[in-house]
Amino acid sequence: MDVNTNKERILELIEDIPEKDMTEIIDFIGYLKMKREKEEYRDLLQASESSMDFWDNKIDDEVWNDA
């Protein structure tokens with residue numbers, strides 16, 4: 001299924017959801033968004049931490065200590 005087909009299917013499903021269940025659906029969508037953002041942040045944090053290892057070495061420390 002492509003993205004448009006998925007979005008169309010979601011919209012069709014939304015049309016069938018009773019109003020009383022909408023809050024739960026909104027909460028679930030918010031949860032999925034928060035989960036994705038948390039994973040993106042974790043990946044960014046891991047990338048920045050791994051790059052710190054590159055700069056943490058004796059040669060660079062000596063150069064910067066003399067600067």
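Anything mentioned here points back to the structure above.
All of the points below concern the structure found in this document.

Parameters and conventions
Residues numbered from 1 in each chain as written. Predicted model: local features only at pLDDT ≥ 70, side-chain atom pairs only at ≥ 80, totals over all residues. Heavy atoms only, no water. Salt bridge = Lys/Arg side-chain N within 4 Å of Asp/Glu carboxyl O. Helix = DSSP H or I, 4+ residues; strand = E, 2+ residues; numbered from the N terminus. Buried < 20%, exposed > 50% of the residue type's maximum accessible area, 1.4 Å probe, protein only.

### Looking at the pattern of salt bridges
(1) Moving on: Counted according to the given criterion, the structure contains four salt bridges.
(2) Moving on: Between Glu12 and Arg9 there is a salt bridge, with its nearest N and O atoms 3.7 Å apart. Taken together, the positions of Glu12 and Arg9, both in helix H1 (residues 3–16) and three residues apart, correspond to about one turn of that helix.
(3) Moving on: You can call Glu12 partly exposed: its relative accessible area is 45%.
(4) Moving on: For Lys20, the salt bridge goes to Asp21, with nearest N and O atoms at 3.8 Å.
(5) Moving on: Of the residues examined, Lys20 reaches a relative accessible area of 69% and is grouped as exposed.

### Some points on the environment of Leu11
(1) Moving on: Within the fold, Leu11 resides in helix H1.
(2) Moving on: Each C-alpha atom of the pair Leu11 and Tyr41 lies 29 Å from the other, and the pair is 30 residues apart in sequence.

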